[in-house]
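Now for the letters of each chain:
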Amino acid sequence: MVVPGSTTRGYLTWWFSTMLWSEGGDFVKKQGDGYAAAVDDPASVKAVEKLQAMFCDSKVVQPGASTADSATTHTVFESGKGGIYLTGPYMLPRFDGSLGKDKYEVVAAPPGAGGEAAALAEGENVYLMAGSGNEKGQQAFAEFAASPSGQKIGLGLDNGGIIVRLPVNTTVDGAAERKDPRWDVFQKVYDEHGRNAPALPNWATVRQISAEGLNGVVSECSRDVAGAMGELADEIDAELEKQGAKG
């Protein structure tokens, strides 16, 4: 399995989210009017123990996985040094060109011990800039981008540039427009099992803290997972307190 296990921009947390949620664990949980760390909950600890075992016992990840970012893992998969790669639909054009459509298959991630086939759901955004001298123009562009016409342009059918991976406009059928059944797999996964990152004031900081904590247990195989997750939970709770999001 090809794993981007680097702490850079929280890569390991990004990759591990799908596995953690499918195992019934989580990074944070609702508590009162806010959140509390959940990485030290039993289901989360078991998920991290499985992650550590992948790196340390069965050794089913590529060499150097703990320091690899996506730029590295893309080429590892393309070179045939890894056979399974959890990534997004935006990689289809590249892999079609580098590998060939007949050389790889798109499949949904299976359910984990938690019984749920959860998948991290992320996408592109349109930002409206505060203080702009053209607020009406920004609003008009955002409305067009979300319209059927804007979404179809973003599918990149004529130019290969995939700005829209899965349409946010429900009147647009991305798989039908592309005439590529592989996109049906992605659409089904995101429709039925997609999960967003927690709606914290600053999730990026918690993601980074989490990635560093997770990286510690896969880089140091003798590390006690339960103890490490307890320490990570304390760090996350402290950050939630700082953000005013601690429940």
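A brief structural summary. In this text, all values refer to a predicted model and were calculated from it rather than measured experimentally.

Rules behind the numbers
Once a new chain begins, its residue numbering starts again from 1 and follows that chain's sequence as written. Confidence filtering applies because this is a predicted model: local features only for residues at pLDDT of at least 70, side-chain atom pairs given and counted only at 80 or more, and all residues used for totals across whole chains, interfaces and linings. To obtain the side-chain values, all non-hydrogen atoms of the structure were included, while hydrogens and water were left out. Each helix is a run of DSSP H or I of at least 4 residues and each strand a run of E of at least 2, with the numbering of both proceeding from the N terminus. Here, residues are in contact when the closest pair of their heavy atoms is within 4.5 Å. For two strands to be treated as a pair, DSSP must find no fewer than two bridges joining them. What makes a nonpolar core is a set of buried Ala, Val, Leu, Ile, Met, Phe, Trp, Tyr and Cys residues whose side-chain atoms join them at distances within 4.5 Å. The cut-offs for exposure are 20% and 50% of the maximum accessible area for each residue type, with area from a 1.4 Å probe on protein chains only; residues under the lower value are buried, those over the upper are exposed, and the others partly exposed. Criterion for a disulfide: a pair of cysteine sulfur atoms within 2.5 Å. Within the patch definition used here, like charges are joined within 9 Å and nonpolar side chains (Val, Leu, Ile, Met, Phe, Trp, Tyr) within 5 Å, considering only residues with over 30% relative accessible area and no salt bridge. Accessibility throughout is a Shrake-Rupley quantity obtained with a 1.4 Å probe, and a residue counts as covered only by protein chains that appear here. One speaks of a salt bridge when a side-chain nitrogen belonging to Lys or Arg is within 4 Å of a carboxyl oxygen belonging to Asp or Glu. Charged-residue counts in this description rest on Lys and Arg as positive and Asp and Glu as negative, His and the chain ends being excluded. Charged groups are reduced to one reference atom each: NZ for lysine, CZ for arginine, CG for aspartic acid, CD for glutamic acid. An axis is simply a line fitted to the C-alpha atoms; with a helix, the fit covers only the stretch in contact. Between two such axes, the angle follows the N-to-C directions and lies from 0 to 180 degrees. Angles are sorted into four bins: roughly parallel if under 35 degrees, roughly antiparallel if over 145, roughly perpendicular if 65 to 115, and oblique for all others. The crossing is said to be left-handed when, going from far helix to near helix, the turn is anticlockwise and less than a right angle, and right-handed when the turn is clockwise. Note that Gly is not counted as nonpolar here; it falls among the polar residues with everything else outside the nonpolar set of Ala, Val, Leu, Ile, Met, Phe, Trp, Tyr, Cys and Pro and the charged set of Asp, Glu, Lys and Arg.

1. Looking at the environment of Gly174
Item 1. With respect to the helices and strands, the residue Gly174 is situated in helix α7 (residues 174-178).
Item 2. Here the alpha-carbon distance between Gly174 and Lys152, two residues 22 residues apart in the chain, equals 8.0 Å.
Item 3. Leaving out residues up to four positions away in the same chain, Gly174 has contacts with Leu155 and Pro167.

2. Concerning the pairing of strand β2 (residues 34-37)
Item 1. Summarising the sheet, strand β1 (residues 28-31) and β2 pair through four bridges and their orientation is antiparallel. Note on β2: the bridge partner recorded for Lys30 is Tyr35.
Item 2. Here β1 folds back onto β2, and the loop between the two strands holds two residues, one of which, Gly32, carries a positive phi near 60°.

3. Focus on the environment of Thr205
Item 1. Along the chain, Thr205 turns up in helix α9 (residues 203-219).
Item 2. Residues Thr205 and Ala228, 23 residues apart in the sequence, show an inter-C-alpha distance of 18 Å.
Item 3. If we ignore the near neighbours within four places in the chain, the residues touching Thr205 are Glu239 and Gln243.

4. Focus: the nonpolar core
Looking at soluble globular proteins, one finds that nonpolar side chains tend to be buried together.
Item 1. In this structure, Phe16, Phe55, Met229 and Ile236 are the most contacted members of the largest nonpolar core, which totals 39 residues.
Item 2. Only α1 (11-22), β2, α2 (42-56), α9 and α10 (225-243) provide two or more residues apiece to this core.
Item 3. Residues within four places of Phe55 in sequence aside, it is in contact with Val3, Val61, Ala65, Ser66 and Val218.
Item 4. The next biggest cluster of nonpolar side chains, apart from the first, holds 14 residues, and it includes Tyr85, Phe95, Val106 and Ala175.

5. Thoughts on the side chain of Gln138
Item 1. Structurally, Gln138 can be placed in helix α5 (residues 135-146).
Item 2. Judged by its relative accessible area of 16%, Gln138 falls in the buried class.
Item 3. Here Gln138 is in contact with Tyr127, Leu128, Met129 and Ser132, once residues within four sequence places are set aside.

6. Here's the deal with the state of the cysteines
Item 1. Enumeration according to the criterion identifies one disulfide in this entry.
Item 2. Across a sulfur-sulfur distance of 2.1 Å, Cys56 and Cys221 are joined as a disulfide pair. One disulfide, between Cys56 and Cys221, carries an S-S torsion of -85° and so falls in the left-handed class. With Cys56 in helix α2 and Cys221 in the loop between α9 and α10, this residue pair connects regions lying 165 residues apart in the sequence.
Item 3. Overall, Cys221 belongs to the partly exposed group, its relative accessible area being 43%.

7. A few points about a negative patch on the surface
Item 1. Taken together, the side chains of Asp40, Glu212, Asp234 and Glu235 define an acidic patch exposed on the protein surface.
Item 2. Locating Asp40 in the fold gives a position in the loop between β2 and α2.

8. Let's talk about a nonpolar patch on the surface
Item 1. Together, Val126, Leu128 and Phe141 line one region of the surface with nonpolar side chains, adding up to about 280 Å² of accessible area.
Item 2. Relative to the helices and strands, Phe141 is located in helix α5.

9. Quick notes on the pattern of salt bridges
Item 1. Counted by the stated rule, this structure contains eleven salt bridges.
Item 2. For the salt bridge of Arg182 with Asp180, the shortest nitrogen-to-oxygen distance reads 2.9 Å.
Item 3. The class of Asp180 is buried, set by a relative accessible area of 12%.
Item 4. The shortest N-O distance in the salt bridge between Glu231 and Arg223 comes to 3.1 Å.
Item 5. Each of Asp96, Asp180 and Arg182 takes part in salt bridges that share partners, so that together they form one network.

10. Some points on the packing of α2 against α10
Item 1. One can describe the packing of α2 onto α10 by two numbers: an axis separation of 9 Å at closest approach and a directional angle of 120°. One element, α2, and the other, α10, form an angle in the oblique class. The way α2 lies across α10 gives a crossing that is right-handed. Every residue of α10 that contacts α2 at Val45, Val48, Glu49 and Gln52 is listed here: Val225, Ala226 and Met229.
Item 2. By residue class, the composition of the contact of α2 with α10 is five nonpolar, one polar and one charged.

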